[in-house]
Amino acid sequence: MGTPLLFLLAFSFSFFSALSLSPFSPVDNHLINCGSAVDAAVDGRRFVSDFHSSNPGTPLQSSALTTALCNGSPRSSSPQIYHTARVFRKPSRYSVEIKEPGTHMVRLHFDPFVSSNFDLREARFHVLVGNYVALSNFTVSDTLVKEYLVWVSRNKLVITIVPTLKGKLGFVNAIEVLSAPKDLIPDTATLVRDGETRKFESLSKQGLETVHRVNVGGPKVTPFNDSVWRTWIPDDGFFKSSDLSSKVHFSGRINYQVGGASREVCPDFVYNSARVIASKSSSIPEANMTWVFQVTGGHRYLVRLHFCDIASLSLGSLYFNVYINEQLASKDVDLSSIAYELASPYYADFVVESDNLGAISVVIGRSNLSMAYAVDGILNGVEIMKMNNSMASFDGKMCRGMALKNWPRGNSGGLITLVVVLCLLLLSVSMLMRRKIVRVKDSFSWTKLPTEVSEVNLKVGIQSSLGGKF
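Quick caveat: nothing in here was measured; it's all calculated off a predicted structure.

Chemist: Just to check I follow, could you spell out the pairing of strand β11 (residues 156-163) for this structure?
Modeler: Within a regular strand, side chains alternate between the sheet's two faces. In terms of burial, β11 is largely enclosed, as seven of its eight residues are buried. One ladder, built from six bridges, connects strand β6 (residues 92-97) with β11; its direction is antiparallel. Pairing of Glu97 across the sheet is with Lys156, part of β11. Where strand β8 (residues 125-129) lies against β11, five bridges are found, and the strand directions are antiparallel. Bridge pairing links His126 to Val162 in β11.

Chemist: Quick question: what am I supposed to make of empty space enclosed by the protein here?
Modeler: Space left empty within the atom packing is revealed by a probe, the size of a water molecule, rolled over the atoms. If you walk through the whole model with that rule in mind, you get two cavities of 30 Å³ or more. The calculated volume of the largest cavity comes to roughly 50 Å³. Residues that form the lining of the largest cavity fall into these classes: five nonpolar, two polar and two charged. Volume-wise, the second largest cavity comes out at about 40 Å³. Taken together, Asp309, Ser314, Leu315, Gly316, Ser317, Leu318, Asp334, Leu335, Ser336 and Leu342 make up the full set of residues lining the second largest cavity. Class assignment of the residues belonging to the lining of the second largest cavity gives a composition of four nonpolar, four polar and two charged.

Chemist: Where do I start with the environment of Asp235 in this structure?
Modeler: Along the chain, Asp235 turns up in the loop between β17 (233-234) and β18 (239-241). Measuring from C-alpha to C-alpha, the distance between Asp235 and Arg213 comes to 9.0 Å, with 22 residues separating the pair along the chain. In contact with Asp235, not counting residues within four places along its chain, are Val214, Asn215, Val216, Gly217, Arg275 and Trp291. Here the side chain of Asp235 touches Arg275 through a polar contact of 2.6 Å, side chain to side chain.

Chemist: What am I meant to see in the pairing of strand β13 (residues 174-179) here?
Modeler: With respect to burial, β13 is a largely interior element, six of its six residues being buried. Residues Ala174, Glu176 and Leu178 line one face of β13 and the alternating positions Ile175, Val177 and Ser179 line the opposite face, and both faces are buried. With five bridges connecting them, strand β1 (residues 29-33) and β13 associate as antiparallel partners. Paired with Leu31 across the strands is Glu176, a residue of β13. As defined by bridge partners, strand β7 (residues 102-110) adjoins β13 across six bridges and the pair is classed as antiparallel. By the bridge assignment, His104 is partnered in β13 with Ser179.

Chemist: What am I meant to see in the pattern of salt bridges here?
Modeler: Note that side chains of opposite charge can pair when their charged atoms are close. In total, this model carries 21 salt bridges according to the counting rule given. We note a salt bridge from Arg275 to Asp236, for which the minimum N-O separation is 3.4 Å. Here Arg275, found in strand β20 (residues 273-278), pairs with Asp236, found in the loop between β17 and β18; they are 39 residues apart in sequence, far enough to count as distant.

Each value, and the rule that gives it
Residues numbered from 1 in each chain as written. Predicted model: local features only at pLDDT ≥ 70, side-chain atom pairs only at ≥ 80, totals over all residues. Heavy atoms only, no water. Buried < 20%, exposed > 50% of the residue type's maximum accessible area, 1.4 Å probe, protein only. Helix = DSSP H or I, 4+ residues; strand = E, 2+ residues; numbered from the N terminus. Pairing = 2+ DSSP bridges. 1 Å grid on protein atoms, 1.4 Å probe; cavity = no way out; pocket = protein on both sides within 12 Å on 5 of 7 lines; lining within 4 Å. Points joined across faces, edges and corners; volume = space filled by probe spheres on them. Nonpolar A, V, L, I, M, F, W, Y, C, P; charged D, E, K, R; others polar. Contact = heavy atoms within 4.5 Å. Polar contact = N/O pair within 3.5 Å; in protein donor to acceptor, adjacent residues only side chain to side chain. Salt bridge = Lys/Arg side-chain N within 4 Å of Asp/Glu carboxyl O.

See below:
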């Protein structure tokens, strides 16, 4: 199968209606202000105290050998959730109730301040999110937010903080556990490997860690301006070329529609800006736009590219190629053949391996179909997410059982055996999951966006044509 169809396959589809204009309201919405006896307001959201006295229903399960710490001299611009922290001297956990199974966003907030009794910069600990090792031997020297997307099928999600050794400390300032928008992580993507493209399945069941979230050609987008409270940073630090490219900004209305991205997938502030390559004469420039992102080796990554043609003067004039890690990911991309409308947003998901240098490159370049006096390439946003490895870890080769092994309960020999069995089981599951990556069959056909469909049958029709992704 040719790469244009694979590119179309990589687009993830959602149902957009007037309801999406309302603020996103997750079914599960746990915001925890750790180490504080009072609640905190941040960007119009209320983070609830984890004190049992203030919040009898607190998800904090372990209060022994924990300390509520207050920052005596917080920065004036620092959000209130960073004025306190919960410090742990032994494994402790937060257990949150899950009402709706599915993908959940987990954010862990860290600000290593210094108090009279503790220097949180010296803390060293592991963090477990459900069965995943989110962080191992973790230290932090500045304010940091770690974000994960995990599939939760049970009625509880447990977050465990484990000091690396007795005598060491762990800490956290705030925790968020949210139901993710249902269209945020689809079940399929395009695997780019060994010069070929294939279908990647069961993406929604993969654990993901957000590594980079970039607004191409535009300014920083803060959580206040994102319906799912994300931060998008400018792309200037990642952009490597070219002199023939330019930034464009759009003040018109973004045309969200059936078959495209919703505002929960990506906000207007990202789709309203872009970098482009444009031909201003009868010759088409031999130019590419290149971004390079530093990553950790040994993992697969989900690369999500956001597109919205806010630069072309008419439909059918924009064609370009997409390369990831110097491999052709999609050829002759034609956004108008999908959207039928300018300024209509889409995204494409690709799964790639990181190279030995620990970097992922994204290149947008001219196509053989590119036209003179037209836009010859565009990109609005990039997200890069790390996938868990065979040990169900985002951070090294340590599985959950190994992270707990320095805190034995009962017979240590039995614990070691359990650790080995668990790790081997995780490895076996990983090998079985890899077998699910299958080649896309040549018989696959793509159904474009419907142009005439009744309001009642709209969602049902799309579910049928896309194989029931919703």
